[in-house]
Amino acid sequence: MLPPSRRDFVSLTLSESGSYTDSKQWHRQSCWRKWKQLSRLQRSLILFTLMLLLVCGILPNCLVEKKKMRQLFPVFLFLSAESRLEAVREAFRHAWKGYKNFAWGHDELKPISKSHGEWFGLGLTLIDALDTMWILGLKEEFAEAREWVARALSFDKNVDVNLFESTIRILGGLLSTYHLTGDSLFLEKAKDIGSRLMPAFNTASKIPYSDVNIGKGTAHPPQWTSDSTVAEVTSIQLEFRELSRLTGDPKYKLAVMEVMKQVHKLDGKQDGLVPMFINTNNGLFTHQGIYTLGARADSYYEYLLKQWIQGGKAENELLDDYLLAVEGVKKNLLKKSTPSGLTFVGELSHGYFSPKMDHLVCFLPGTLALGAHFGLPADHMELAKQLMETCYQMYAQMETGLSPEIAHFNMHEGSTQDVEVKIADRHNLLRPETVESLFYMYRFTKDKKYQQWGWEILQNFNKYTRVPTGGYTSINNVRDPANPNPRDKMESFFLGETLKYFYLLFSNDPNHISLDKYIFNTEAHPLPIWPQSE
Ligand code: DMJ
């Protein structure tokens, strides 16, 4: 027996003969009948094919609200790799235009006031951006900048610089540019700044001071304390070790490895997690009991792993400390948010957990993935994937699609929003950490969603931080798309790191700065992994 619908169809067919005069109406009815004649499977197939055509743009675009489609079918909307790479080059050129016109040779561009800011007075943005230009293939821009380094860059200046910042940005930038280009100019400049930074290590404990006068050869702690920051004294090792290798002079390496040796043995850690300060007189941790993977501790963890990789995976103490710290993170700092169950890394203060996570912590998925790539436990990669999702959500859940500097995660039952942002934490400084981790995650998994997430972020930087007259600016409020409130500063790491990681994320060539040959310092400057024989 026919199902009821078929019976309807049969009766309709019979009544049709000779009674329809309006051909359009007849055609419609006829199509409808044919449609109803099809089996459920046939109808589903046709619907699915139509949907595909629609998504691929064969049917008119206006039929679909693009944004909705992007959310539903992101896989169909990938742009070609080349157009994304070109978009990054274009962003770089735009940033460079502002720097060149209003801040040439100075540390930072102030794109709104069309002026510059000075920190050390050493052309910080220009040096930080050298290897980015090389990697992006921006030859003209690179040539101009090289000219400035050759003619105008002098470290013979009566100026106080921060040891950590000038090591990772200037020494790191010069060393990596030397390696990429083979141009000895950059090595000479690296030797010059490296040796001028050495007075920082002349302390009673051999834990370096935070500040050095590179003209006078004197060093000192900040005015208000004799402490240095733990992340700062433990994240200069990749650069000084490489300087020793290149110069054949062991003094640089010995100085920074002494710091690692001492920190390795120190009391005051909790399950491998370190406090944020260390005293330069007695070499002990201070302000104990506070543990974070964010500001003042972050790159300690990153450099444990990276030194181990740089040195050919032979320095077991570094590996042991890294593995212990990852377990410490899991045990003490990892929680899930409500309602979505995002895994996040909070902080511990004298036994109390705080669901606060700095954007800086978003280096962690990339570092965990890098470790897993070099043979560390597979569950590091699983954690990396979860944290990567969280870091992406720190962007996606904001009204501008840009992450705040600090997020607080909800853990209360019944919460409707995972991420909350305090008013003082709503700024975005164009930081790189999430894009950096997306780059590692894409390299190791080949999962296109990481490129797609990065693409969304780049578009939001363009929408809310690009200054029409040149440059990009930090903003004060990621929650207000109508008034993100520019801060008038383009940090050097936007060119040194953020745009470089965008470019490498969108490149499908794993040999373009191969992660088996290079290790990125914490300012995104690639340094060679030493050959096993060394
Ligand atoms: C950079 O200078 C480095 O990435 C550092 O490790 C952390 N802070 C900035 C970028 O956010």
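Owing to the predicted nature of the structure, the values given are computational and were not obtained by experimental measurement.

Chemist: Sorry, what's going on with the state of the cysteines here?
Modeler: Disulfides are covalent bonds that link the sulfur atoms of two cysteine residues. As enumerated under the stated definition, the model contains 1 disulfide in all. Two residues share a disulfide in this structure: Cys-362 and Cys-391, whose sulfurs sit 2.1 Å from each other. What sets the handedness of the Cys-362 and Cys-391 disulfide is the S-S torsion sign, and at about -95° it is left-handed. Remark: Cys-391 occurs in helix α16 (residues 378-396) and Cys-362 occurs in the loop between β14 (356-358) and α15 (364-373); sequence separation between them is 29 residues. By relative accessible area, Cys-362 is classed as buried at 0%. Residue classification places Cys-391 among the buried positions, given a relative accessible area of 1%.

Chemist: What is the right way to look at the site of the ligand in this model?
Modeler: All residues adjacent to the ligand are Ile-168, Arg-169, Leu-360, Arg-431, Pro-432, Glu-433, Phe-493, Glu-497, Thr-522 and Glu-523. At 2.7 Å from an oxygen atom of the ligand is found a side-chain nitrogen or oxygen belonging to Arg-431. Thr-522 is positioned such that a nitrogen or oxygen atom in its side chain is 2.7 Å from an oxygen atom of the ligand. Coverage of the ligand by the protein amounts to 91% of the 290 Å² it exposes when considered alone. For the ligand, the cavity whose grid points lie within 2 Å of the majority of its atoms is the largest pocket. When residues of the shell around the ligand are traced back to their parent elements, those giving at least two are α8 (163-181) and α19 (492-506). Per-class residue counts for the shell around the ligand are 4 nonpolar, 1 polar and 5 charged.

Chemist: Just to check I follow, could you spell out the nonpolar core for this structure?
Modeler: In terms of nonpolar packing, the biggest core is built from 150 residues, with Leu-130, Leu-293 and Val-345 touching the most fellow members. Once you skip the residues sitting within four places of it in the chain, Leu-293 turns out to touch Leu-273, Asp-298, Tyr-301, Val-329, Leu-333, Val-345, Val-361, Phe-363 and Leu-364.

Chemist: Sorry, what's going on with the environment of Ala-219 here?
Modeler: Mapped onto the elements, Ala-219 comes out in strand β5 (residues 218-220). Ala-219 sits in the partly exposed class, given a relative accessible area of 22%. Separated by 59 residues in the primary sequence, Ala-219 and Asp-160 place their C-alpha atoms 8.3 Å from one another. Non-local contacts of Ala-219, meaning those with residues more than four positions away in its chain, are made with Pro-199, Ala-200, Tyr-209, Asp-211 and Val-212.

Chemist: Looking at this model, I keep getting lost on the packing of helix α5 (residues 81-102) against helix α7 (residues 139-152). Mind explaining?
Modeler: The relative placement of two packed helices is expressed as an angle between their axes plus a distance between the axes. Look at α5 against α7: their axes get within 12 Å of each other, and the N-to-C directions meet at 30°. The angle between α5 and α7 places the two elements in the roughly parallel class. Note that α5 runs across α7; the crossing there is left-handed. For the pair α5 and α7, contact is made by Arg-93, Trp-96 and Lys-100 and by Glu-141, Glu-144 and Ala-145, respectively. Its residues assigned to classes, the contact of α5 with α7 comprises 2 nonpolar, no polar and 4 charged.

What counts and how
- Residues numbered from 1 in each chain as written.
- Predicted model: local features only at pLDDT ≥ 70, side-chain atom pairs only at ≥ 80, totals over all residues.
- Heavy atoms only, no water.
- Disulfide = S-S within 2.5 Å.
- Helix = DSSP H or I, 4+ residues; strand = E, 2+ residues; numbered from the N terminus.
- Buried < 20%, exposed > 50% of the residue type's maximum accessible area, 1.4 Å probe, protein only.
- Near = heavy atom within 4 Å.
- Polar contact = N/O pair within 3.5 Å; in protein donor to acceptor, adjacent residues only side chain to side chain.
- Areas by Shrake-Rupley, 256 points an atom, 1.4 Å probe, with all protein chains shown as cover.
- 1 Å grid on protein atoms, 1.4 Å probe; cavity = no way out; pocket = protein on both sides within 12 Å on 5 of 7 lines; lining within 4 Å.
- Sits in = over half its atoms within 2 Å of the grid points.
- Nonpolar A, V, L, I, M, F, W, Y, C, P; charged D, E, K, R; others polar.
- Core = buried A, V, L, I, M, F, W, Y, C linked by side-chain atoms within 4.5 Å.
- Contact = heavy atoms within 4.5 Å.
- Axes fitted to C-alpha atoms, helices over the stretch in contact; angles between N-to-C directions.
- Parallel < 35°, antiparallel > 145°, perpendicular 65-115°, else oblique.
- Left-handed = near helix turned anticlockwise from the far one by under 90°.

Take it as geometry only, folks, not as evidence of what the structure does.
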